[in-house]
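Each chain is listed here by its residues.
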Amino acid sequence: MSERKKTTISTLMEMKKNNDKITMLTAYDYSTAKLMDEAGIDTILIGDSLGMVMLGYEDTLSVTMEDMIHHTKAVARGAKHAFIVGDMPFMSYQASIYDAVINAGRLIKEGRANAVKLEGGASVCPQIKAIVEAQIPVVAHIGLTPQSVNAFGGFKVQGKSENAARQLIKDALLVQEAGACAVVLEGIPADLAAIITEKLTIPTIGIGAGANCDGQVLVYQDMLAMYGDMHPKFVKVFAEVGTLMKEGFSAYIKECKEGAFPAKEHTFKIDAEIIEKLKGEEF
Ligand code: KIV
């Protein structure tokens with residue numbers, strides 16, 4: 001069997017060409033990233049969704065560059081084969097091209113990501129272009145972009161009207177022209193995502209965007225039923241890990257309370273003579 005190679009932007013382009021679906025999941029820590037990598041995931045996103053699923057914020061807006069670098073480093077240590085994408089948090093790229101390049105550089109240099117992701121279409125094309133010119137691959141993200149939650153007035157499906165759908169197609173073409181190596185399509189009608197996927201030469205990765213994208217991404221706590229605060233329609237639960245974890249925690253609590261844990265096999269031994277001696281000594 002040939003050794004598994006590291007996924008790169010060329011791999012992703014090749015996969016689009018061959019109609020080989022790209023798999024992406026979010027991860028935020030070493031051990032989860034290692035498990036995903038061993039399971040064969042193509043790419044891992046350290047999403048700013050960490051603000052919600054890991055840190056308990058109500059949206060992603062409070063996530064900092066320091067948060068992102070800290071979690072990206074951990075994932076990069078765990079995943080040896082997956083292509084690693086670090087999310088640029090709110091206000092790390094919107095204010096200026098300078099900020100965008102410096103902060104993208106930090107995710108690569110300190111976080112050891114292979115690419116960065118940022119939200120927006122036409123309005124962030126100058127940032128995408130500058131980051132790509134700094135030799136950093138960029139994954140764009142259009143549609144329901146969570147950092148725009150206040151501008152959208154909530155987490156709402158995008159691109160449903162004719163004008164909005166047309167604008168999303170234009171945005172997709174513009175981010176591609178600016179140099180993005182892939183684009184996440186979030187929360188848009190499936191038929192619109194299919195048109196965009198067909199028009200682009202770079203891969204589209206969908207979340208709540210139907211089956212015709214070149215790849216799919218989900219937040220791992222959603223697909224493992226570990227995060228009960230929101231139940232988006234587009235999520236499928238692939239394993240009831242949340243329930244399993246709760247059962248494990250309850251069993252641990254019960255056994256500790258009853259004195260059933262730790263048992264003999266979980267404890268370390270010492271020479272009985274030493275213990276007898278210690279018992280007799282004054283301290
Ligand atoms: O932050 C995130 O996890 C994301 C995905 C939902 C695409 O941006």
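All values reported here derive from a predicted model rather than from experimental measurement.

Draft legend 1. How the structure looks around the pattern of salt bridges. Scanning all chains against the criterion turns up 11 salt bridges. Note that E14 is salt-bridged to K17, the shortest N-O span being 3.6 Å. In this pair, E14 and K17 are both assigned in helix α1 (residues 9-17), three residues apart and thus about one turn of the helix distant. Residues joined by salt bridges that share partners form a network here, namely E66, R106 and E110.

Draft legend 2. Seen up close, the side chain of D59. On the secondary structure map, D59 appears in the loop between α3 (50-53) and α4 (65-78). Summary of buried charges: D59 has no salt-bridge partner, and the nearest side chain of opposite charge, K156, is 14 Å away. For D59, the side chain forms a polar contact with the main-chain nitrogen of L61, separated by 3.1 Å.

Draft legend 3. Local environment of the packing of aromatic side chains. Per the stated rule, a full pass over the model turns up two aromatic pairs. Centre to centre, the rings of Y28 and Y220 are 6.0 Å apart; their planes meet at 35°, and the pair counts as tilted. With a gap of 192 residues between them, Y28 in the loop between β1 (22-26) and α2 (30-39) and Y220 in helix α10 (residues 220-223) connect regions that are remote in the sequence.

Draft legend 4. Quick peek at the site of the ligand. In the vicinity of the ligand, the contacting residues are T26, L45, G47, D48, S49, D87, K117, H141, V184, E186, I207 and V219. D87 is positioned with one of its side-chain polar atoms (N or O) 3.2 Å from an oxygen atom of the ligand. The contact in question runs from an oxygen atom of the ligand to an N or O atom on the side chain of K117, over 3.0 Å. Using a 2 Å cut-off from the grid points, one finds that the ligand occupies the largest pocket. Residues of the shell around the ligand, tallied by class, amount to four nonpolar, four polar and four charged.

Draft legend 5. Representation of the sheet that holds strand β2 (residues 43-46) within the structure. Ordered in space as β1-β2-β3-β4-β5-β6-β7-β8, the eight strands form a closed barrel in which the pairing is parallel. Ignoring which end each strand starts from, the neighbouring axes of this sheet average 25° apart. Examined bridge by bridge, strand β3 (residues 83-87) and strand β4 (residues 115-119) share three bridges and lie parallel to one another. Within β4, the position partnered with V85 by the bridge is A115.

Draft legend 6. Spatial organisation of the side chain of T43. Topologically, T43 is positioned in strand β2. Once residues lying within four places of it in the same chain are set aside, the contact partners of T43 are L12, I22, T23, M24, L25, A82 and F83.

Draft legend 7. Local environment of the layout of surface pockets. Space inside the largest pocket adds up to approximately 700 Å³. In this structure, the largest pocket is lined by 31 residues; those nearest its centre are L144, E186, I207, P232 and F234. Elements with a contribution of two residues or more to the lining of the largest pocket: α3, β4 and β6 (182-186). Here the lining of the largest pocket is built from residues that sort into 16 nonpolar, seven polar and eight charged. G120, G121, T145, S148 and F152 are the residues nearest the centre of the second largest pocket, which is lined by 21 residues in total. Mapped by element, the contributors of at least two residues to the lining of the second largest pocket are β5 (138-143) and α8 (162-178). Tallying contributions element by element places α8 first for the lining of the second largest pocket, with four residues.

Draft legend 8. View of the packing of α8 against helix α9 (residues 190-199). Contact pair α8 / α9: the axes reach a minimum separation of 10 Å and the direction vectors enclose 30°. With respect to their mutual orientation, α8 and α9 come out roughly parallel. Relative to α9, α8 is oriented so that their crossing is right-handed. On the side of α8, the interface is formed by A165, L168, I169, A172 and L173, while α9 contributes L192, I195, I196 and K199. Taken together, the residues of the contact of α8 with α9 sort by class into eight nonpolar, no polar and one charged.

Draft legend 9. How the structure looks around the pairing of strand β7 (residues 204-207). Side chains of β7 alternate between two faces, with T204 and G206 and I205 and I207 buried alike. Sheet topology places β6 next to β7; four bridges connect them, and they run parallel. Residue pairing in the sheet places V183 in a bridge with T204 of β7. Between β6 and its parallel partner β7, the chain crosses via α9, and the hand of that crossover is right-handed. Bridge count between β7 and strand β8 (residues 215-218): two bridges; the pairing is parallel. Counted as the bridge partner of I205 is G215 from β8.

Conventions we followed
- Residues numbered from 1 in each chain as written.
- Predicted model: local features only at pLDDT ≥ 70, side-chain atom pairs only at ≥ 80, totals over all residues.
- Heavy atoms only, no water.
- Salt bridge = Lys/Arg side-chain N within 4 Å of Asp/Glu carboxyl O.
- Helix = DSSP H or I, 4+ residues; strand = E, 2+ residues; numbered from the N terminus.
- Buried < 20%, exposed > 50% of the residue type's maximum accessible area, 1.4 Å probe, protein only.
- Lys, Arg positive; Asp, Glu negative; His and termini not counted.
- Polar contact = N/O pair within 3.5 Å; in protein donor to acceptor, adjacent residues only side chain to side chain.
- Phe/Tyr/Trp six-rings, centres within 6.5 Å; stacked < 30°, edge-to-face > 60°.
- Near = heavy atom within 4 Å.
- 1 Å grid on protein atoms, 1.4 Å probe; cavity = no way out; pocket = protein on both sides within 12 Å on 5 of 7 lines; lining within 4 Å.
- Sits in = over half its atoms within 2 Å of the grid points.
- Nonpolar A, V, L, I, M, F, W, Y, C, P; charged D, E, K, R; others polar.
- Pairing = 2+ DSSP bridges.
- Axes fitted to C-alpha atoms, helices over the stretch in contact; angles between N-to-C directions.
- Contact = heavy atoms within 4.5 Å.
- Points joined across faces, edges and corners; volume = space filled by probe spheres on them.
- Parallel < 35°, antiparallel > 145°, perpendicular 65-115°, else oblique.
- Left-handed = near helix turned anticlockwise from the far one by under 90°.
- Right-handed = clockwise from strand over helix to strand, strands pointing away.

That's the geometry; what it means functionally is another story.
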